[in-house]
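Residue-level listing of the chains:
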Amino acid sequence: MDTVVKKINRKQMNTEDFAEASRILHRGGLVAFPTETVYGLGGNALDPEAAARIYAAKGRPSDNPLIVHIADVRALDVLAVNIPQTAWRLAERFWPGPLTMILQKSPAVPLSTTGGLETVAIRMPSDEIAEELIRSSGLYIAAPSANASGRPSTTRAEHVYEDLAGRIEMILDGGPVQIGLESTIIDLTTEHPLILRPGYISLEDIRELIPEADYDPAVLKHKPQENIVAKAPGMKYRHYAPKGCLTIYEGDAMAVVETINRDLEQREGQGHKCAVLATDETKQYYRADIVKSIGSRKDEEGIAARLFDILREFDEERVEYIYSESFEGGQLGQAIMNRLLKAAGYHVVEV
Ligand code: TXA
Ligand code: MG
C-alpha cells in the first residue's frame, strides 16, 4: 500500500484533502493526523474492523484500548452511559484540549475499540486539523499515538512516515505538534477520579475542579510494585523506548555530570557508542562524543516538546548507551519523568 502524505496549510485548509481523508475513514481505512499532543493514527471508532487494522498497523497488542476523538461534547451521550457531573465540568474547562476521560461505554462502542473493556476513553483535541477531520468526516475517530508499538510517540509527520509507511492510507502533515507529550488520562469510573497517565494538564489543574482527584498508585515516580496493576492497559507495556540502553541519573547537577562522565568513559573505552541527554546549563561539561541538549531547564514546555524527538535522534545515530539527566519538579515534571522512566525501563542511578 502507498501511504499518501498531504501537507496541510493551517492558514488555508483545503476541503478536498479532508474529503479524501474522510472517504478513506468511511471505507475502514487509516489516516494519521496531528493533534496538539502527538500525532494520532485514526480509524472509524465504531467500525470493529478499523480498530483491528489500527492494532495491526502499529504492531500493538489488541487488549490495549484506543482513545475515541470527538469534536462536539454532545458525543459523550452517544459514546458513554452513567456520565458523572464531573465529566461535564472537566469538559467545559479543559476541552478542546489534552485531557482524556475514561467513562462507562455505551453499546454503540465496539469492544474491539476498547480492548475488551466496558469503559471507553474519550478526548476532544484542540488541533484545528484534528477537529476538521472529525467534523468533516462526521465520525468518531479512534486513534492511538501514530508510532510503531514500543517506539517513542510521533511529534512530526516524518516520524509517522518512518514508522507506518506502507501500512496506512494517508498522513495529514500539519508540521510539528505543540505539546509533544500525550494527553492526561483521568478515570471517572471510580469513586474518586484517578489520573492514569500524567500530561500537560496537571493534577493541580484538575484539583481546582475536583479536590479529591489523585494519581492512580501505578503512576509512581519509580518502578511500580509487581502487585500494583496499571489500570491503563497501555501503561504496562515497555514504551517510548529508544533502541539504545537509557539510564537516568538523579541528584545534584554537577555530581550527575561527574558520574555520567565517569560511566560513559568506561563504556566508550569498551568501544561502545555513547551519548548524553543534557541541558543548555550543563552540556559544556560532558566529555561524550555525542552530547544533545534538550533545552534550558527554564523552559519546561520546550523540554516536553523535544523529548520524543531527541530519543529518536539517538536511534538515528545508532547510539548504544544513552546517559540522561533527570527532570523533576515544575508543572510538567511528572509527565516528562513518567515518559523518560518508561523509556529507561526504570533504570535510575541515584547520585
Ligand atoms: O494525546 C493522546 O492521548 C494521543 C493523541 C493521538 O490523542 N493518543 C494516545 O493514545 O496517546 P495511546 O493509544 O497511545 O494511549 C492511550 C492510553 C493507553 O495507555 C491505553 O491503555 C489507555 O490510554 N486507555 C484507553 N482506553 C482506556 C480505558 N477504557 N481504560 C483505561 N485506559 C485506557
Ligand atoms: Mg501510545
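Residues numbered from 1 in each chain as written. Chains lettered and ligands numbered in written order. Predicted model: local features only at pLDDT ≥ 70, side-chain atom pairs only at ≥ 80, totals over all residues. Heavy atoms only, no water.

1. Side note on the overall build of the protein
Scanning the protein from N- to C-terminus turns up 10 helices and 17 strands. A compact globule built from 351 residues would reach a C-alpha radius of gyration of about 20 Å, and the protein, at 20 Å, matches this within 12%. Sorting the 351 residues of the protein into buried and exposed places 57% on the buried side. The contacts of the protein with a sequence gap of at least 6 include a subset with a gap of at least 24, amounting to 68%. Element-wise, carbon and sulfur atoms account for 48% of the exposed surface of the protein, whose accessible area totals about 14,900 Å². (Helix = DSSP H or I, 4+ residues; strand = E, 2+ residues; numbered from the N terminus. Rg over C-alpha atoms; globule rule 2.2 N^0.38 Å. Buried < 20%, exposed > 50% of the residue type's maximum accessible area, 1.4 Å probe, protein only. Contact = heavy atoms within 4.5 Å. Areas by Shrake-Rupley, 256 points an atom, 1.4 Å probe, with all protein chains shown as cover.)

2. Re the pattern of salt bridges
When charged atoms on two side chains of opposite charge get close, those side chains can pair. Inspection of every chain in the model, using the stated rule, returns 26 salt bridges. For arginine 151, the salt bridge identified is with glutamate 162, shortest N-O distance 3.7 Å. Note that arginine 151 is positioned in the loop between strand S8 (141-142) and helix H6 (157-164) and glutamate 162 in helix H6, a separation of 11 residues in sequence. On the accessibility criterion, arginine 151 (15% relative accessible area) is buried. A salt bridge links glutamate 313 to lysine 292; the shortest N-O distance between them is 3.3 Å. (Salt bridge = Lys/Arg side-chain N within 4 Å of Asp/Glu carboxyl O.)

3. Concerning the packing of aromatic side chains
Under the definition given, this model contains 1 aromatic pair. Residues tyrosine 249 and tyrosine 323 carry aromatic rings whose centres are separated by 6.0 Å and whose planes lie at 45° to one another, so their mutual orientation is tilted. Of this pair, tyrosine 249 sits in strand S13 (residues 245-250) while tyrosine 323 sits in strand S16 (residues 321-324), placing them 74 residues apart in sequence. Here tyrosine 249 matches tyrosine 323 in class, with each residue buried. (Phe/Tyr/Trp six-rings, centres within 6.5 Å; stacked < 30°, edge-to-face > 60°.)

4. Examining the packing of H6 against helix H9 (residues 300-316)
Their axes nearest at 12 Å, the elements H6 and H9 cross at an angle of 50°. Judged on the interaxial angle alone, H9 and H6 are oblique. Considering only the axes of H6 and H9, their crossing is left-handed. Residues His159, Glu162 and Asp163 of H6 lie in contact with H9, whose contacting residues are Asp309, Arg312 and Glu316. Residues belonging to the contact of H6 with H9 are distributed by class as follows: no nonpolar, 1 polar and 5 charged. (Axes fitted to C-alpha atoms, helices over the stretch in contact; angles between N-to-C directions. Parallel < 35°, antiparallel > 145°, perpendicular 65-115°, else oblique. Left-handed = near helix turned anticlockwise from the far one by under 90°. Nonpolar A, V, L, I, M, F, W, Y, C, P; charged D, E, K, R; others polar.)

5. Observations regarding H6
Taken residue by residue, H6 has Ala157, His159, Val160, Asp163 and Leu164 as its buried positions. For H6, the angular spread of buried residues about the axis comes to 155°, placing them on one side. Buried-residue contacts for H6 involve strand S2 (31-34), strand S3 (39-44), helix H2 (48-58), strand S9 (170-173) and H9. After H6 finishes, the residue glycine 166 shows a positive phi value of roughly 85°. (Arc of directions from axis to C-beta.)

6. Focus: the side chain of serine 137
With respect to the helices, strands and loops of the structure, serine 137 is situated in helix H5 (residues 128-137). We classify serine 137 as buried; its relative accessible area is 5%. For serine 137, the side chain forms a polar contact with the main-chain oxygen of isoleucine 134, separated by 3.1 Å. Those residues within four positions of serine 137 in sequence are excluded, and the remaining contacts are Ser22, Leu25 and His26. (Polar contact = N/O pair within 3.5 Å; in protein donor to acceptor, adjacent residues only side chain to side chain.)

7. As for the pairing of S13
Successive side chains on a regular strand alternate, one facing one side of the sheet and the next facing the other. Buried residues dominate S13, accounting for 5 of its 6 residues. Bridging between S13 and S16 involves 4 bridges; their strand directions are parallel. Bridge pairing in S16 links cysteine 245 to tyrosine 321. Inspection of the sheet shows S13 paired to strand S17 (residues 348-350) by 3 bridges, in the parallel sense. Considered in S17, the bridge of glutamate 250 is made with glutamate 350. (Pairing = 2+ DSSP bridges.)

8. A look at the domain arrangement of the protein
By the assigned domains, the protein splits into domain 1 (4-220) and domain 2 (245-350). Counting residues at the interface gives 26 residues for domain 1 and 17 residues for domain 2. In total, about 1,700 Å² of surface goes out of reach between domain 1 and domain 2, with carbon and sulfur atoms giving 48% of it. Of all residues in domain 1, Pro152, Leu181 and Tyr200 give up the largest surface area on contact with domain 2, accounting jointly for 31% of the area buried on that side. For the pair domain 1 and domain 2, the interface holds 5 salt bridges. Taken together, the connections running from domain 1 to domain 2 amount to 9 residue pairs in polar contact (both at pLDDT 80 or more). Going through the elements one at a time, H6 and helix H7 (203-207) are the ones with two or more residues in the side of domain 1 that touches domain 2. Among the elements that make up the side of domain 1 that touches domain 2, the one with the highest residue count is H6 (3 residues). (Domains from an automatic or database assignment. Buried area = accessible area lost by both parts, 1.4 Å probe.)

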